[in-house]
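So you can see what is in the structure, the chains are spelled out below.
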Amino acid sequence: MMRLQLILLFIALIVSPAPASNDKEKYLRENRLLEEELTLARKPDIYFAFNLKEKMVYIKARGIHLRELQINDFHCWGSPVSDNVYRLRKKSTFWKPGREMIKPGESKKKDHFEIEALELADMPSRYTLVFDGGMKIWVRPSTEGIASGIGNIFYPSMRFFIRPILMLWYTLRGKPYTAIDMVLDKNDARAVYWSLSEGSGAIIYSTP
């Protein structure tokens, strides 16, 4: 009889709902994020919502979805993301897109040439988004061929070796460190780089 009671008690503990305090904190956080996004939606500027729960990136303006991008994979490091709006400080990439520069006095094709506008194909698909508050998003493309495969060779070592070292370094210096490794399709990664500019706002809906 005692054994049966213990079994029933164990089952009850497993299926019992989470404590009310946890649910309350979850709802409070979601409300804070919605309030922060509402402040962004009041302005005409483009902003981003990185929804890690849904594995989606939303490019938005006035609360309207301009584009939806699928997150193929992600991993979070360091401190939890903030409930506040992040502002982009800079975009860091090894190959920065740019137009061909022509010096004064030089001619090209007998002074007849066209200025090429930067297009989506000119954007990098591997870069780092540096936000305020010590938060970074490292974006890389999915492995879809030889070029992206070579670029992703060293990713596992960076993910499992360098990230913990950076976490320890920032902790010893008493500074916040939050990093998100994010994998997108190549053109989606380019679209994020193209659409984000310095000062752009971003909201991050993290996993529970």
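Quick look at the structure, then. (Residues numbered from 1 in each chain as written. Predicted model: local features only at pLDDT ≥ 70, side-chain atom pairs only at ≥ 80, totals over all residues. Heavy atoms only, no water.)

Taken together, eight strands build a closed barrel; the order of strands is S1-S2-S3-S7-S6-S5-S4-S8 and the barrel is mixed. The sheet shows a mean angle of 35 degrees between the axes of neighbouring strands, taken without regard to direction. Bridging between strand S1 (residues 47-51) and strand S2 (residues 56-61) involves five bridges; their strand directions are antiparallel. Its bridge partner lying in S2, Asn-51 is registered against Met-56. Its contacts with the sheet place helix H5 (residues 186-195) against S1, S2, strand S3 (64-78), strand S4 (86-92), strand S5 (127-131), strand S6 (135-141) and strand S7 (178-184), and it is angled at close to 105 degrees to S3. (Pairing = 2+ DSSP bridges. Helix = DSSP H or I, 4+ residues; strand = E, 2+ residues; numbered from the N terminus. Axes fitted to C-alpha atoms, helices over the stretch in contact; angles between N-to-C directions. Contact = heavy atoms within 4.5 Å.)

Counted under the stated rule, the structure contains five salt bridges. Note that Arg-29 and Asp-83 form a salt bridge whose closest N and O atoms lie 2.7 Å from each other. Of this pair, Arg-29 sits in helix H2 (residues 20-41) while Asp-83 sits in the loop between S3 and S4, and the two are 54 residues apart along the sequence. Across this residue pair, the class does not change: Arg-29 and Asp-83 are buried. Lys-53 is the partner of Glu-30 in a salt bridge, and the nearest nitrogen-oxygen pair spans 3.4 Å. Separated by 23 residues along the polypeptide, Glu-30 in helix H2 and Lys-53 in the loop between S1 and S2 bring together distant segments of the chain. It is possible to trace a salt-bridge network through shared partners that takes in Arg-29, Arg-32 and Asp-83. (Salt bridge = Lys/Arg side-chain N within 4 Å of Asp/Glu carboxyl O. Buried < 20%, exposed > 50% of the residue type's maximum accessible area, 1.4 Å probe, protein only.)

Further remarks concern a nonpolar patch on the surface. A cluster of nonpolar side chains, Ile-46, Ile-64 and Leu-66, forms an exposed patch at the surface whose accessible area comes to about 280 Å². Position of Ile-64 among the secondary structure elements: in strand S3. Here Ile-64 falls in the exposed class, since its relative accessible area comes to 52%. (Patch = residues over 30% accessible without salt bridge, like charges linked within 9 Å, V, L, I, M, F, W, Y side chains within 5 Å. Areas by Shrake-Rupley, 256 points an atom, 1.4 Å probe, with all protein chains shown as cover.)

With respect to the secondary-structure elements, Ser-200 resides in the loop between H5 and strand S8 (201-205). Those residues in contact with Ser-200 that sit more than four places away from it in its chain are Ile-46, Tyr-86, Arg-87 and Leu-88.

Another aspect to go through is unusual backbone geometry. A positive phi angle, near 55 degrees, is found at Lys-55, a position not held by glycine. With respect to the helices and strands, Lys-55 occurs in the loop between S1 and S2.

Another aspect to go through is the nonpolar core. Across soluble globular proteins, nonpolar side chains show a tendency to be buried alongside one another. Among the nonpolar cores identified, the biggest contains 28 residues, and Leu-129 and Ile-137 are the most heavily contacted of them. In terms of residue count, H5 provides more of this core than any other element does, four residues in total. Among all residues touching Leu-129, those that are not within four sequence positions of it are Phe-50, Leu-88, Lys-90, Lys-91, Met-135, Lys-136, Ile-137, Val-139, Val-192 and Leu-196. Formed by ten residues, the second largest nonpolar core is a distinct cluster that contains Leu-33, Tyr-47, Ala-49 and Val-85. (Core = buried A, V, L, I, M, F, W, Y, C linked by side-chain atoms within 4.5 Å.)

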